[in-house]
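# Structure assessment
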Amino acid sequence: MSLAARVRDPARGVDLRFHVASGETVALMGPNGAGKSTVLATVAGLLRPAEAHVRVGDRVLAGGGQWVPPHRRSVALLGQQPRLFPHLTVRENVAFGPRSVGRDAGLADHWLDPVGASALADRRPRQLSGGQAQRVAIARALAVEPDVVLLDEPLAALDVEAVPEVRRVLRRVLAGTATVLVTHDPLDAMTLADRAVIVEAGRVVHEGTARDVLTHPRSAFGAALAGVNLVEGVATGPDHLRSADGRELAGIPRRTLDVGAAAIATFAPSAVAIHRERPGGSPRNVLPGVVTGIEVRGAACRVEISGWLADVTTAAAAELELEPGRDVWMGIKATEVRLDPA
Ligand SMILES: Nc1ncnc2c1ncn2[C@@H]1O[C@H](COP(=O)(O)OP(=O)(O)OP(=O)(O)O)[C@@H](O)[C@H]1O
């Protein structure tokens, strides 16, 4: 089911429209106060701004005199906190939604499996870790088979160790459902979203594939977000990754990597030193590349080298005679490369 939303609220300085195609996940990103929560609350039916048009498939949820109440929207909203019912077991929590709309409560067990919570079915929420509780909350949100899922920073409150597993669960269960994901983390946008929409001061300033929006930012916020290189690949050692195009990177794993499993490396463009000749010394990552783009921003210069970004001073770029097509070497300190399970 697709989602189309137009939200205008002069009191909050919000005036934007966006859409999510059927089965698509869109990352909604922007600085604090940009209007992301206003959009989610409007789609969920928790907020009634001056003007709202919300359509899911053929159903008008808001606009043209219509205002469908939240519980009749078939829109699930999940935030940072799982907010499970403390007095119910995990199974009862997940069964609550289907039961309240007269569906088979036995569906609960069906949803515990994909979030890896089958073994937790008889526990109470207080007996769960933060990551487990959030996985159960995901199952509870999906058990009513909503047309649209809204996720408001679902990984932000989790311990670092719990994040990869919950991210994997989200990737698995969201496929096929129109989803809006509010996140500040480029890694989430890249790994979970088909598209990213950047909102600043209540307006959409950029939208496109997550990779494009983050590698070719058009706003200050996008540029700050994009201060990251993100390389997908496979772990070739506990602290090594081989990218899809065969480049090896050593880094610092946030959690031990399983050899052979999918992994992601992230590093700032400022961590990349550019050389004309192969550098000696000890940076553990020394890789050849070709300059494919140069963007001068005053005294700073962002250089694209075989798909990766490097920041150098404009003076250094001139001294290195950087230009598209030039063969160079990149030195990237392993201590500045973060490795995560994908
Ligand atoms: N209850 C409210 N009444 C009036 N204005 C509000 C209210 N809540 C938020 N605002 C204002 O609306 C604008 C958009 O806020 P919103 O919470 O949607 O931003 P956000 O992008 O979700 O930010 P954050 O990342 O901090 O959650 C801000 O200027 C904010 O100050």
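Residues numbered from 1 in each chain as written. Predicted model: local features only at pLDDT ≥ 70, side-chain atom pairs only at ≥ 80, totals over all residues. Heavy atoms only, no water.

## Observations regarding the sheet that holds strand β4 (residues 51-56)
Stated formally: DSSP calls a pair of strands paired once it identifies at least 2 bridges connecting them. Helix and strand labels come from DSSP, where a helix needs a run of H or I of at least four residues and a strand needs a run of E of at least two; each type is numbered from the N terminus. The contact criterion used is simple: two residues touch if any of their non-hydrogen atoms lie within 4.5 Å. Under this scheme, a helix contributes an axis fitted over its contacting stretch, all axes are lines through C-alpha atoms, and angles between N-to-C directions fall in the 0 to 180 degree range.
Read from one edge to the other, the open sheet built from five strands follows the order β2-β1-β4-β5-β6, with strand pairing classed as antiparallel. The open sheet is flanked by β2 (14-20) and β6 (66-67), the only strands paired with a single partner. Across seven bridges, strand β1 (residues 3-9) lies against β2 in antiparallel orientation. Pairing of Val-7 across the sheet is with Leu-16, part of β2. Across the face of the sheet, helix α1 (residues 36-44) comes into contact with β1, β2, β4 and β6 while running at roughly 120° to β1.

## Focus: the site of the ligand
Selection criterion: The criterion for a residue being near a molecule or strand is simple. One of its heavy atoms has to lie within 4 Å of it. As used in this structure description, the phrase polar contact means that two N or O atoms lie within 3.5 Å; if the pair is within protein, one of them must be able to donate a hydrogen and the other to accept it, and residues adjacent in sequence are counted only when both atoms belong to side chains. The Shrake-Rupley method, run with a 1.4 Å probe, gives the accessible areas here. Residue values count only the displayed protein chains as cover. Polarity classes work like this: nonpolar for Ala, Val, Leu, Ile, Met, Phe, Trp, Tyr, Cys and Pro, charged for Asp, Glu, Lys and Arg, and polar for all others, with Gly in that last group.
Around the ligand, the surrounding shell consists of Arg-12, Pro-31, Asn-32, Gly-33, Ala-34, Gly-35, Lys-36, Ser-37, Thr-38 and His-184. Between the ligand and Asn-32, the relevant distance is 3.4 Å, taken from an oxygen atom to a side-chain nitrogen or oxygen of the residue. Here an oxygen atom of the ligand sits 2.6 Å away from a polar atom, N or O, in the side chain of Ser-37. Contact with the protein chains covers 55% of the free accessible surface of the ligand, which is 640 Å². Each residue belonging to the shell around the ligand can be placed in one class, and the counts come to two nonpolar, six polar and two charged.

## Structural notes on the pattern of salt bridges
Note the following rule: Think of a salt bridge as a Lys or Arg side-chain nitrogen and an Asp or Glu carboxyl oxygen that are within 4 Å of each other. Accessible area is worked out with a 1.4 Å probe on protein chains only. A residue is then buried under 20% of its type maximum, exposed over 50%, and partly exposed in between.
One pass over the structure, following the stated rule, counts 21 salt bridges. The shortest N-O distance in the salt bridge between Glu-51 and Arg-6 comes to 3.9 Å. Of the two residues, Glu-51 sits in strand β4 while Arg-6 sits in strand β1, which places them 45 residues apart along the sequence. Using a relative accessible area of 17% as the deciding quantity, one classes Arg-6 as buried. For Asp-9, the salt bridge identified is with Arg-12, shortest N-O distance 3.7 Å.

## A look at the domain arrangement of the protein
Definition in use: Residue ranges for the domains originate in an automatic or database domain assignment. Here the quantity called buried area is the accessible surface, traced with a 1.4 Å probe, that two parts lose on coming together, added over both.
Per the domain assignment, the segments of the protein are domain 1 (3-220) and domain 2 (228-341). Taken over C-alpha atoms, the centre of domain 1 sits 33 Å from the centre of domain 2. Taken residue by residue, the interface counts twelve residues in domain 1 and twelve residues in domain 2. Summed over both sides, the interface between domain 1 and domain 2 buries roughly 1,100 Å², with carbon and sulfur atoms accounting for 58% of that surface. Taken together, the links from domain 1 to domain 2 amount to zero salt bridges. There are zero residue pairs in polar contact (both at pLDDT 80 or more) connecting domain 1 and domain 2. Every element with two or more residues in the side of domain 1 that touches domain 2 is listed here: α5 (163-174), α6 (186-192) and α7 (210-215). No other element matches α6, which puts four residues into the side of domain 1 that touches domain 2. Considered class by class, the residues forming the side of domain 1 that touches domain 2 number five nonpolar, three polar and four charged.

## With respect to unusual backbone geometry
Here the phi dihedral of Ser-74 falls at roughly 60°; this positive angle occurs in a residue that is not glycine. Assessed through its relative accessible area of 27%, Ser-74 is described here as partly exposed. Even without being a glycine, Glu-145 presents a positive backbone phi close to 50°. Along the chain, the position of Glu-145 falls in the loop between α4 (130-142) and β8 (148-152). Here Glu-145 falls in the partly exposed class, since its relative accessible area comes to 44%.

## Observations regarding the packing of α4 against α5
The condition that has to hold: An angle below 35 degrees is treated as roughly parallel, one above 145 as roughly antiparallel, one from 65 to 115 as roughly perpendicular, and anything else as oblique. Each crossing is labelled by how the near helix is turned from the far one, with a counterclockwise turn of less than a right angle marking it left-handed and a clockwise turn marking it right-handed.
The interhelical angle for the contact between α4 and α5, taken along N-to-C directions, is 15°, at an axis separation of 10 Å. One way to sum up the angle between α4 and α5 is to call them roughly parallel. For the crossing formed where α4 meets α5, the hand is right-handed. Contacts between α4 and α5 involve Gly-131, Gln-134, Arg-135, Ile-138 and Leu-142 from the former and Glu-165, Val-166, Val-169, Leu-170 and Val-173 from the latter.

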